[in-house]
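Survey of secondary and tertiary structure
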Amino acid sequence: MRAGNWGRWGEQDERGAINLISPSTVLAASATVREGRVMALAQTLDEQMAVAIGRPPLAHHMTRDGGDYAAGGRVLGRSRYADDVVSLGTHTGTHVDSLAHLWYGEQIYNGHPQNSIRSQGASRCGVEKMGPLVGRGVVLDVAADAGLGLLPAGAGIGVEQLEDARRAIGVELEPGDIVLVRTGWLGRAGAAYFQGEPGLDLAGAAWLASHDVALVGADNYAIEALGERATDGFPVHELLLRDHGIPLMENVVLDALAAARPGPFLFVAAPLPLRGATASPLSPVAIL
């Protein structure tokens, strides 16, 4: 069954709504820069950070350090160096989901078959197909608009809340926009962060898709509203990723940005070109 944006950019398309980002939208986004101030929107990664159940913890170890030289390690001329290895799931910390991440039925985005995703990775819609993500960013600060530090777990964000947050900053959404929804949930500590969350409901997600946004991000771990247990699947992921080809950015740090710039800004990020991956760690920045 055809759905959403399937076929809009051709039968072989694997980039989805990122196709809405063009030289003209990038130029328009660059015109929002007024101060030259750069703000980081990524979580710091370390071995103490909580991860969702079923996903591997981050591991970081040194393969060469100062102790090697204290123990008589070989010095190359006068040069000494340190080296290390990091192991982490692609859905750890601030990251972007590729269009191969989630689907229903037997087809992923654009009708590509689910058997294109095998044990060695996704031959269709992997994260390497995205390319750099540059465009006009807009924060819809739903938590602040509701007068709350953070929304409660399970609270759905629908059309009315999104419209209210949009009107509060006086911005009309434009095709190719990168929309970030602030729930305040990232302030939750440790394992409590993964015990449900506020987020988009299905109507709110459809409203964003109807505005031809290129990407959707949020300061939570799954974009959509979840109770303590997700027993009915992930309908917002289904609608945005599978039906409309809109990638999702999770665990985006938004508090300082929302406080500093309620209006549009230049958003810049680049996924790691991990061939066949269903996500990539991301270090996005906002340029004000």
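The text that follows walks through the structure, step by step, so that each part is easy to find. (Residues numbered from 1 in each chain as written. Predicted model: local features only at pLDDT ≥ 70, side-chain atom pairs only at ≥ 80, totals over all residues. Heavy atoms only, no water.)

**With respect to the packing of aromatic side chains**
Filter applied, for reference: Planes of paired rings set the category: under 30 degrees apart is stacked, over 60 is edge-to-face and the rest tilted, where pairs are Phe, Tyr or Trp rings (Trp by its six-membered ring) whose centres lie within 6.5 Å. Under the scheme applied here, a residue whose accessible area is under 20% of the maximum for its type counts as buried, over 50% as exposed, and between as partly exposed, the area being computed with a 1.4 Å probe on protein chains only. In this description a helix means any DSSP run of H or I spanning at least four residues, a strand means any run of E spanning at least two, and both kinds are numbered starting from the N terminus.
One pass over the full model with this rule turns up three aromatic pairs. Relative to Phe 194, the ring of Tyr 193 has its centre 5.1 Å away and its plane inclined at 80°; by these criteria the two rings are edge-to-face. Classification of Tyr 193 by relative accessible area gives buried; the value is 6%. According to the relative accessible area criterion, Phe 194 is partly exposed, its value standing at 21%. Note on Phe 194 and Tyr 221: the rings are 5.0 Å apart at their centroids and 55° apart in plane angle, and the pair reads as tilted. With Phe 194 in the loop between β9 (178-182) and β10 (199-200) and Tyr 221 in the loop between β11 (215-218) and α6 (235-243), this residue pair connects regions lying 27 residues apart in the sequence. Cluster of aromatic residues (ring-pair linked, three or more members): Tyr 193, Phe 194 and Tyr 221.

**Thoughts on the side chain of Ser 280**
Here is the rule we go by: Each polar contact in these results corresponds to two N or O atoms within 3.5 Å; when the atoms are within protein, one needs to be able to donate a hydrogen and the other to accept it, and residues that are neighboring in sequence are counted only if both atoms are side-chain atoms. Note on contacts: a residue pair is in contact if any heavy atoms of the two residues lie within 4.5 Å.
Its place among the elements puts Ser 280 in strand β14 (residues 279-281). By relative accessible area, Ser 280 is classed as buried at 0%. Within polar-contact distance, the side chain of Ser 280 engages the backbone nitrogen of Leu 272 at 2.8 Å. Apart from the residues lying within four places of it in its own chain, the contact partners of Ser 280 are Thr 90, Thr 94, His 95, Val 96, Val 127, Pro 271 and Leu 272.

**Focus: the packing of helix α4 (residues 159-169) against helix α5 (residues 202-210)**
We apply this condition: Angles shown run from 0 to 180 degrees and are taken between the N-to-C directions of axes, each axis being a line fitted to C-alpha atoms and, for helices, limited to the stretch in contact. Between 65 and 115 degrees an angle is taken as roughly perpendicular, under 35 as roughly parallel, over 145 as roughly antiparallel, and anywhere else as oblique. Each residue is assigned to one of three groups, with Ala, Val, Leu, Ile, Met, Phe, Trp, Tyr, Cys and Pro labelled nonpolar, Asp, Glu, Lys and Arg labelled charged, and all others, Gly among them, labelled polar.
Look at α4 against α5: their axes get within 8 Å of each other, and the N-to-C directions meet at 50°. Regarding the angle of α4 to α5, the classification is oblique. Contacts between α4 and α5 pair Val 159, Leu 162, Glu 163 and Arg 166 from the former with Ala 203, Gly 204, Trp 207 and Leu 208 from the latter. A class-by-class count of the residues in the contact of α4 with α5 yields five nonpolar, one polar and two charged.

**With respect to the pattern of salt bridges**
Counted only if it meets this: Salt bridge criterion: a side-chain nitrogen from Lys or Arg within 4 Å of a carboxyl oxygen from Asp or Glu.
Under the defined criterion, the tally for this structure stands at 14 salt bridges. Salt-bridge contacts for Arg 37 lead to Glu 35; the nearest nitrogen and oxygen are separated by 3.2 Å. Taking relative accessible area as the criterion, Arg 37 reaches 36% and is therefore assigned partly exposed. The class of Glu 35 is partly exposed, set by a relative accessible area of 48%. Linking Asp 141 and Arg 182 is a salt bridge whose minimum nitrogen-to-oxygen distance equals 2.7 Å. On the criterion of sequence distance, the pair formed by Asp 141 in strand β7 (residues 133-141) and Arg 182 in strand β9 is long-range, its members being 41 residues apart. Each member of the pair, Asp 141 as well as Arg 182, is classed as buried. Connected via shared salt-bridge partners are Glu 163, Asp 164, Arg 166, Arg 167 and Glu 172.

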